[in-house]
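# Examining the three-dimensional arrangement
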Amino acid sequence: MSQGPRSGLAAVSSALLAMSRHLEVRDVLKTIVASARELLDAQYAALGVPDDHGGFAQFVVDGVSDEQWKAIGPLPRQHGILAAMLHEARPERLADVRKDPRFEGWPSAHPDMVDFLGLPIRDGDEVIGALFLANKLRPVGGHPPHPPCPKPEGSCGFTEEDEDLLSILAQHAAIALTNARLYERSRELTIAEERSRLAHELHDAVSQKLFSLRLTAQAAAALVDRDPSRAKGELHQVAVLAAEAADELRAAVVELRPAALDEDGLTATLRTQIQVLDRAHTARVTFAARNFRALPASQEEAMLRVAQEALHNALRHSGAEHVDVTLDRRGSGAVLRVTDDGSGFEPKATRRAGRHLGLVSMRDRTSGVGGTLTVESAPGKGTTIEMEVPGG
């Protein structure tokens, strides 16, 4: 293994730890690519995850600017050397990728590449990605790497030791990528369960309103001839019930719709949902965010789900008149606090009776992103649920 400043055991360990730290697939891919380019002194690095249609479901690059990447155009197809790595599952180390008979050219905006080192990423017998590097750089006099310098004709700048190192990285990349996929699948299943729960709530809440509306309308019809005054009162009640049913429906639809965290962020998403809940319920629901800054996607989603569960408990079960939600910065992380003035409960007694009020789910979500959950409540004293996450 070469003895460059980034190729020691500590550098390899740092790269592997960085890969295992992320849960989102996209973050894992970016970390793998950046780590590979850094460790092997390459000018460019890329990682492609194949789809089932001859293209790539995801393709991440490092060393190429955003402007260059946009100018290059569509993602590459599975052809040439990329196809060989994916389908034949073998390493490729080339002195000049442009002279290989499988080379099929690249777009005009594509950077020029010479040295090439590529490896498949395998999960058992399945090839789940292709990791490759181009243009070996060489440190000069202890300074940062410089562009490729002349090398013997026909030789590749990437060595067998580089290939061994990349092979180690690819093996750990397979583990990190598989774990990230399992995490995302688990999250999808959890979201599906929540959507099912909300659908049941929607059915129960709106069905009750519509049943009452139907009975009231029938009473009004029976009274319209013999007691018009009472019939008028019943019709007024029909209008009230219809408005309440519409509010219940609107609130449930907002919760069923996937949260726009990617586009709007946690603060805006929470504010929108709380505004709808405030209109849909008799309780006053407020929200305030102070000095909050963006968190890793997994933490923001966990905080949103915990907030939704705590709001559900406060509005459906506690009889609260006021529910306050705050989001504050704490160090590099954040604190979510949901406080209500409802009936409260005895947390220990609730656990013994098996009525968790969603606390198990909230604790699991919190611990899953490295956070802590605190529940303070007592009969007649309301409830405060506080979730703290460490940030990225």
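Here's a quick rundown of the structure. Sequence order as written defines residue numbering, which begins from 1 separately in each chain. Local features in this predicted model are restricted to residues of pLDDT 70 or higher, and side-chain atom pairs are both shown and tallied only at a pLDDT of 80 or more, whereas totals for entire chains, interfaces and linings draw on every residue. Hydrogens and waters are ignored; side-chain quantities use all the structure's heavy atoms.

Moving on to the sheet that holds strand β7 (residues 322-330). Read from one edge to the other, the open sheet built from 5 strands follows the order β6-β7-β8-β10-β9, with strand pairing classed as mixed. Two strands close off the open sheet at either side, each with one partner strand: β6 (284-290) and β9 (372-377). Across this sheet, the average inter-strand angle for adjacent strands is 10 degrees, counted without regard to direction. Relative to strand β10 (residues 383-389), strand β8 (residues 333-340) runs antiparallel, the two being bridged by 7 bridges. The residue of β10 that forms the bridge with arginine 337 is glutamate 386. We call two residues in contact whenever any of their non-hydrogen atoms come within 4.5 Å of each other. Angles run from 0 to 180 degrees between N-to-C directions of axes, and those axes are lines fitted to C-alpha atoms, restricted for helices to the stretch in contact. The helix and strand labels rest on DSSP assignments: H or I over at least four residues marks a helix, E over at least two residues marks a strand, and numbering proceeds from the N terminus. The strands that helix α10 (residues 359-368) touches are β9 and β10; relative to β9, the one it contacts most, it runs at about 150 degrees. By definition, two strands form a pair when at least two bridges between them are found by DSSP.

For helix α2 (residues 25-39), built from 15 residues, the straight-helix expectation of 21 Å at 1.5 Å per residue is met to within 8% by its first-to-last C-alpha distance of 21 Å. For α2, the set of buried residues is Val25, Val28, Leu29, Thr31, Ile32, Val33, Ser35, Ala36 and Leu39. Positive phi appears at aspartate 41, one or two residues downstream of α2, with a value of about 50 degrees. A helix is expected to span 1.5 Å multiplied by its residue count minus one. Summary of the burial criterion: residues with accessible area below 20% of their type's maximum are buried, those above 50% are exposed, and those between are partly exposed, where the area comes from a 1.4 Å probe applied to protein chains only.

Below, the discussion takes up the packing of aromatic side chains. The criterion for an aromatic pair is that two Phe, Tyr or Trp rings (for Trp, the six-membered ring) have centres within 6.5 Å, with stacked assigned to planes under 30 degrees apart, edge-to-face to planes over 60 apart and tilted to the rest. Within this structure, the stated rule accounts for 5 aromatic pairs. With a centroid separation of 5.7 Å and an interplanar angle of 25 degrees, the aromatic rings of phenylalanine 116 and phenylalanine 132 are classed as stacked. Highlighted residues: phenylalanine 116 in strand β4 (residues 116-123) and phenylalanine 132 in strand β5 (residues 126-136), separated in sequence by 16 residues. Under the relative-accessibility criterion, phenylalanine 116 is labelled buried at 6%. Three or more aromatic residues joined by ring pairs make a cluster, and in this case those are Phe56, Phe59, Trp69, Phe116 and Phe132.

Time to look at the environment of leucine 131. Residue placement: leucine 131 occurs in strand β5. Judged by relative accessible area, leucine 131 falls into the buried class, the value being 0%. Here the alpha-carbon distance between leucine 131 and leucine 47, two residues 84 residues apart in the chain, equals 4.5 Å. If near-sequence neighbours (up to four positions away) are discounted, leucine 131 is found in contact with Ile32, Ala36, Ala46, Leu47, Met85, Leu117, Gly118, Leu119, Ile121 and Leu166.

This paragraph deals with the pairing of β10. The buried count for β10 comes to 5 of 7 residues, which makes it a mostly enclosed element. Pairing of β9 with β10 involves 6 bridges; the strand directions are antiparallel. Residue pairing for β10: leucine 373 is matched across the bridge by methionine 387. Taking the residues between adjacent antiparallel strands as the criterion, β9 and β10 are bridged by 5 residues, where glycine 380 takes a positive phi near 80 degrees.

Attention shifts here to the pairing of β8. Of all 8 residues in β8, 6 are buried, a share of seventy percent or more. Here β7 folds back onto β8, and the loop between the two strands holds 2 residues, one of which, glycine 331, carries a positive phi near 60 degrees.

Here we take up the pattern of salt bridges. By convention in these notes, a salt bridge is any Lys or Arg side-chain nitrogen within 4 Å of a carboxyl oxygen on Asp or Glu. If you walk through the whole model with that rule in mind, you get 15 salt bridges. The residue glutamate 92 makes a salt bridge to arginine 102 at a minimum N-O spacing of 2.9 Å. Here arginine 102 lies in the loop between β3 (92-94) and β4 and glutamate 92 lies in strand β3, a separation of 10 residues in the sequence. When the shortest N-O distance is used, the salt bridge between arginine 93 and glutamate 163 registers 3.1 Å. Of this pair, arginine 93 sits in strand β3 while glutamate 163 sits in helix α5 (residues 160-223); the two residues are 70 residues apart in sequence, bridging distant segments of the chain. Ionic contacts of the salt-bridge type, sharing partners, join the residues Arg290, Asp328, Arg330, Arg337, Glu386 and Glu388 into one network.

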